[in-house]
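Single-letter residue listing:
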Amino acid sequence: MAFNRPLLRTSYDQDAAIFPTFTQKGMMTLFGVVLLLMGLGAPYLSAVPEWFLGPTWINPVTNMLPLAIAALGFNILVGVTGQVSLGHAFFMGVGAYTAVALGGNGDEPLACIPFHEELGFLEERDQCGLGLPMWIWLPMSGIAAAAVGIFVSPAAMKVRGLYLAIVTVGLVFIGLHLGRMFPEYAGDFESGRKWPKLDIRFWKEEEPLVALSEDGQWFGLIHLSEEQKQFFFLLTLLGAGIVLAKNLVRTRTGRALQAIRDRDIAAEVMGVPEFQYKRLGFAISSFYAGVAGALFASYNGRMSPVNWSLFLSVDFVAILLIGGAGTIAGTMLGTVFVELTPEVVKTFTEWLGEQTASNGPIGWLANILLTTGESGDFGPISTGTVASGWPMSVFFWNFVIYGVLIIVFLIFEPLGLYGIWIKIRNYWKRWPFSY
Amino acid sequence: MINAALQFAQVGTGATFIQTLVKSLALGSVYILIGLGFVIIFKATQVLNFAAGALSMAGAMFLTILLADGGFPFLPFANPLAPEAGENPSVIMWFVHVLIALAFAALLGLVIERITIRPMVGQPLFAMAVITLGIEVAIRPFNLDATALEGRSLRVPWGAESWTLADAVVPKSYVAAMIIAAFAGAAILLFFRSKLGVAMRAVAFDQEAAMAQGINVGRVFAIAWAMGAALAALGAIVYGMAPFPPGGAVSQEIHPLLALRVLPVIVLGGLDSVAGAIYGGLIIASAEVFAGQYLSQWNSTLGSGYSTIVPYLVMLFILLVKPYGLFGTPEIRRV
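Residues numbered from 1 in each chain as written. Chains lettered and ligands numbered in written order. Predicted model: local features only at pLDDT ≥ 70, side-chain atom pairs only at ≥ 80, totals over all residues. Heavy atoms only, no water.

Let's talk about the overall build of chain B
Next, step 1: On a plain count of helices and strands, chain B comes out with 13 helices and two strands.
Next, step 2: Against the globule reference of 20 Å for 335 residues, chain B gives a C-alpha radius of gyration of 21 Å, in line with a compact fold.
Next, step 3: Counting only C-alpha atoms and orienting by the principal axes, one finds that chain B spans roughly 65 × 60 × 35 Å.
Next, step 4: Expressed as a percentage of the 335 residues in chain B, the buried residues total 54%.
Next, step 5: Long-range pairs, those at least 24 residues apart, make up 74% of the contacts in chain B between residues at least 6 apart in sequence.
Next, step 6: For chain B, the exposed surface amounts to about 14300 Å²; the carbon and sulfur share of it is 67%. (Helix = DSSP H or I, 4+ residues; strand = E, 2+ residues; numbered from the N terminus. Rg over C-alpha atoms; globule rule 2.2 N^0.38 Å. Buried < 20%, exposed > 50% of the residue type's maximum accessible area, 1.4 Å probe, protein only. Contact = heavy atoms within 4.5 Å. Areas by Shrake-Rupley, 256 points an atom, 1.4 Å probe, with all protein chains shown as cover.)

Describing a nonpolar patch on the surface
Residues and elements named next belong to chain A.
Next, step 1: On the surface, a nonpolar cluster with roughly 510 Å² of combined accessible area is contributed by Val33, Leu36, Leu37, Leu40, Leu221 and Ile222.
Next, step 2: Ranked by residues supplied to the nonpolar patch, first place goes to helix α2 (residues 22-40) with four residues.
Next, step 3: Tracing the backbone through its elements, the reader meets leucine 36 in helix α2. (Patch = residues over 30% accessible without salt bridge, like charges linked within 9 Å, V, L, I, M, F, W, Y side chains within 5 Å. Salt bridge = Lys/Arg side-chain N within 4 Å of Asp/Glu carboxyl O.)

So, the nonpolar core
Soluble globular proteins tend to bury their nonpolar side chains together.
Next, step 1: Met92(A), Trp308(A), Phe316(A), Phe38(B), Leu48(B), Trp94(B) and Phe244(B) are the most contacted members of the largest nonpolar core, which totals 211 residues.
Next, step 2: Non-local contacts of Met92(A), meaning those with residues more than four positions away in its chain, are made with Leu67(A), Ala70(A), Ala289(A), Ala292(A), Gly293(A), Phe296(A), Trp308(A), Leu312(A) and Phe316(A).
Next, step 3: Ranked by size, the runner-up nonpolar core spans nine residues in total, among them Ala366(A), Leu370(A), Ile381(A) and Val400(A). (Core = buried A, V, L, I, M, F, W, Y, C linked by side-chain atoms within 4.5 Å.)

Points about a negative patch on the surface
Next, step 1: Together, Glu206(A), Glu207(A), Glu214(A), Asp215(A) and Glu227(A) make up a region of like negative charge exposed at the surface.
Next, step 2: Tracing the sequence through the fold places Asp215(A) in the loop between β3 (210-211) and β4 (216-218). (Lys, Arg positive; Asp, Glu negative; His and termini not counted. Charge placed at Lys NZ, Arg CZ, Asp CG, Glu CD.)

Quick word on helix α3 (residues 52-68) of chain B
Next, step 1: Between the first and last C-alpha of α3(B) there are 24 Å, a value that for 17 residues agrees with the 24 Å anticipated at 1.5 Å per step.
Next, step 2: Of all 17 residues that make up α3(B), 16 are buried, and the element is covered over most of its length. (Expected span 1.5 Å × (residues − 1).)

Things to note about the packing of helix α10 (residues 255-269) of chain B against helix α11 (residues 274-294) of chain B
Residue and element names in this part refer to chain B.
Next, step 1: Where α10 meets α11, the closest approach of the two axes is 7 Å, and the angle between their N-to-C directions is 125°. Relative to α11, the element α10 is oriented oblique. Relative to α11, the crossing made by α10 is right-handed. From α10, Arg261, Pro264, Val265, Leu268 and Gly269 reach across to α11, where they touch Gly276, Ala277, Gly280, Gly281, Ile283, Ile284 and Glu288. (Axes fitted to C-alpha atoms, helices over the stretch in contact; angles between N-to-C directions. Parallel < 35°, antiparallel > 145°, perpendicular 65-115°, else oblique. Left-handed = near helix turned anticlockwise from the far one by under 90°.)

A short note on the packing of aromatic side chains
Residues and elements named next belong to chain B.
Next, step 1: Taken as a whole and assessed by the stated rule, the structure comprises 26 aromatic pairs over all chains.
Next, step 2: Ring centres of phenylalanine 290 and tyrosine 294 lie 5.9 Å apart, and the angle between their planes is 10°; this geometry places the pair in the stacked category. Taken together, the positions of phenylalanine 290 and tyrosine 294, both in helix α11 and four residues apart, correspond to about one turn of that helix.
Next, step 3: Since its relative accessible area comes to 19%, phenylalanine 290 is described here as buried. (Phe/Tyr/Trp six-rings, centres within 6.5 Å; stacked < 30°, edge-to-face > 60°.)

Concerning the pairing of strand β2 (residues 168-171) of chain B
Residues and elements named next belong to chain B.
Next, step 1: Looking at chain direction, strand β1 (residues 162-165) and β2 are connected through four bridges and run antiparallel. Its bridge partner lying in β2, leucine 165 is registered against alanine 168.
Next, step 2: Hairpin connection between β1 and β2: a loop of two residues separates the two successive antiparallel strands, and alanine 166 in this loop has a positive phi of roughly 50°. (Pairing = 2+ DSSP bridges.)

A look at the side chain of Asn398(A)
Next, step 1: Position of Asn398(A) relative to the elements: it lies in helix α16 (residues 394-412).
Next, step 2: For Asn398(A), the side chain forms a polar contact with the main-chain oxygen of Pro342(A), separated by 3.3 Å. (Polar contact = N/O pair within 3.5 Å; in protein donor to acceptor, adjacent residues only side chain to side chain.)

Quick notes on the interface of chain B and chain A
Interface size is commonly expressed as the accessible surface area that is lost when the partners come together.
Next, step 1: The interface of chain B with chain A comprises 53 residues on the first partner and 45 residues on the second.
Next, step 2: Interface of chain B and chain A: buried area, both sides summed, is about 4500 Å²; carbon and sulfur atoms make up 81% of it.
Next, step 3: Between the two partners, chain B and chain A, sit zero salt bridges.
Next, step 4: Inspection of the chain B/chain A interface yields one residue pair in polar contact (both at pLDDT 80 or more).
Next, step 5: Counting residues per element, the ones that place at least two in the side of chain B that touches chain A are α4 (91-117), α5 (125-146), α10, α12 (299-302) and α13 (310-321) of chain B.
Next, step 6: When residues of the side of chain B that touches chain A are assigned to their parent elements, the largest contribution, 16 residues, is made by α5(B).
Next, step 7: Classifying every residue of the side of chain B that touches chain A by side-chain character gives 38 nonpolar, 10 polar and five charged. (Buried area = accessible area lost by both parts, 1.4 Å probe. Nonpolar A, V, L, I, M, F, W, Y, C, P; charged D, E, K, R; others polar.)

Focus on the confidence of the model for chain B
All names here are of chain B.
Next, step 1: For chain B, per-residue confidence averages 85 on the pLDDT scale, and 93% of positions sit at 70 or higher.
Next, step 2: By mean pLDDT, helix α1 (residues 2-11) is the weakest element of chain B at 49, and helix α9 (residues 217-239) is the strongest at 94.
Next, step 3: In the model output, the complex is listed with pTM 0.89 alongside ipTM 0.88. (pLDDT = per-residue confidence, 0-100.)

Here it is as C-alpha cells:
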C-alpha cells in the first residue's frame, strides 16, 4: 500500500516514467505555458527576460536553442557514455556543411569550380549547393555527422580518457583545415558563406509553405514576427530532442551506455558489447551535433569555418560541468547559464553606463567599474569603442567571467547547477529535520 | 609516378635538405620546451595543462613588457635594466631579461596552482583538465586584448641574422633555439637526479606513499607548476625569434595556438614521459617541416597551411598502434 509513502514505486513503469510525480508534470506544463506566452510577447511575462537581456531578448535566446540541442548530444556522449570528447564543434561543422551542400544556393554541383583554381574573388563565385528543401537537409545533416562519428569511433575505442580528449582536439583542427581546403563549400576562410534560410518548402518552389524568415500572420489570428517564428520552430525541435534523449536514457540502450560509463570492463563482463555501444554513443551524439550545427548556421545566416573552433567545444564542456553532467535538466540549465550570462552582463553594463551621472551607490559603482574615455578615469571596463588596450570592453571581460565561472563551479560545486537544485529540494523535503 | 619522383629529386638539393633539417630541429626544440612543461606538470600533479597556451604567451608578454615598455604598468618604478628606446639589448642582458620573464611566468604558475589546482587534489582527471581550460579562457583576454598587442617586439639581439653553411642558410635563432632546448633538457634531467626531483618522481608514482615518506607533496606540486609555466614561457619566447613565423614579435594569431600544436607531441611520446616529449618533439617537428618543404608542390591539392595538421595525422596513426604513446605508462584497468 502506498499510504504515507509518497515516493514508493510499485511498478517498473512508475520507476521509468519521465515525470514520476504529479507535481513534476504540473510544473513542466506551467513552464511550457510560460515559455509559450513569453515567446508571444505576453505583457508581464516577457518583461522578465527583457529586464535581464534587453528588449531584443528573443535573439540571444533563439541563438541558444540550437546550442542546447548540441549540448543534449554532448551529454549523451560525455555525461551518459563517459567518453570525454572535445570534438563536438567538428561534428556540428560536419552537419552545417552537409546542410549548406544540400540546401545552399548554387548551380549544379558538377559546375563547381575545382578548388583553389582562383582564390581571388571567392564572394563572386558560384558556391556549391543543391538548393534542396529543409526536410531533406536537416535530417541528412544529422545522418552525415553520425556517419562521420561512426567512422571516428574505432579510434575512440583504442584510446581512452585524456588521450581521447586530445585526439578529438585533433579532429577540430583537421576540420578547420578541411574548411580551408574546400572554399567552394565553406566560403572564404574569414568571412564564410551564406546558409539556407529556415523556410519550410515542399520542393524548390519560390514561395515557401511556411516562411520562417519573414514576418507573417498565422491562421489569420496571430501576428508573428520573424524572430518569434524561428524561436517557436527551434523550441519545438529542442523539445523533440529532449524527449528523444530522455527516452534514450531510460531504455535498454541508455542503461548499456551508462554501464560503460561507470566501468567499461565490468559492463563487458555483464554482456554489454562495449565497442558497439561506444560506437552508438558516438553516432547519436554526432547526430544531435549535426542537426544542431545545421540549425545554428542557418539561424545565424552566415558562418565561416573559424566558427567551428575548439572554443565551441569548450562551451559544451562548460555547459555540462556547470549544469551537471549526465542529466538532461542539468544540461538545459547549463546551456541557459553559459550562453545567456554574457548577454546579461552586457545588458547590465549598458544599464550601468546610463547611471554614471546618478548619485547614490549605483552611480559610485558605475564610476568605479566603467571607463567612458575621460581622463583620470581608471575603471577596468571600457564603454568606448576602443578596439583593444587596457580598459577592456565587456566583450572581453565576458571571457574572463566565463573562465572564472568554470573554475569556481568545478571547485565549489562539482555537480553543477543540478546539484544545487538537488540540495535545495532535499532540504525542503526533509524540513524540519536535517536528514 | 616517375614524374613525381623526378620533381621530388629536383626540390631536394643538399642545401635545401640541410635547411629543412635545421628548421625541423629548431621547431623540435620549441616543441620539446613546451612539451616538457606539459609533461612535468602531468607527471607530478596528474593534470593535463590546457592552460599552457595562455601561460606561455603570458611569459612572452612579460618579456616584451620588460624590454619594450621598460617596466610594468601601474608600478611606480621602471625596469632599470631596460635598453634605450629603439635599441636591442646585448646578448647577455637579453638572457637576463628572459630569466626575469621566466621568473614572472613561474610566479603566475605558482599562483594558479595554489588557487585552482590545490583544492582539486583527488578529483577526476577530466575535472582538473577542464579547470585548466577555464584558466586558459580567463587569462587569454589579458594576453590578447588588454595589452594592445600590435607590434610587440621581443628585441632579440641577433634579429634575423644568419650564417651560411655550404650554400644553406642557417639562421642564428634556430641555433639558439637548439642550444636553449639542450640546456633546458639537461637541466631537467639533472633536476630529476636531485633530491627534489627524486621527490617529484616519488609523488608521480604514488602520492599517498610519498606523503607517508615525509615528502611535502604540496611543495612538489608548486614546483612542478612553476617549472611547467616557465618552460612553456621559454618555448613561446624561443618561438618568437625572427625566422619563426611570428617574426621576432609576440603574435596575436600564432602564439595562442602554439601550445595546442604541442598536444600531438606529448600524446605521441606519452603524457608522463620526459624522453617521450623529446622524441615526440623531434618526430612531430620533422614530420611537419619536411612535409611542408617536400610536399609544397601539391599545395593546391592539400590546401595552404596543410603542414599544421600533419602532427595531428601522425598522432592519430601512432595512437591507433600504441594507445598510450611511445613511452607512456599504460593505465592499469581494474574491473
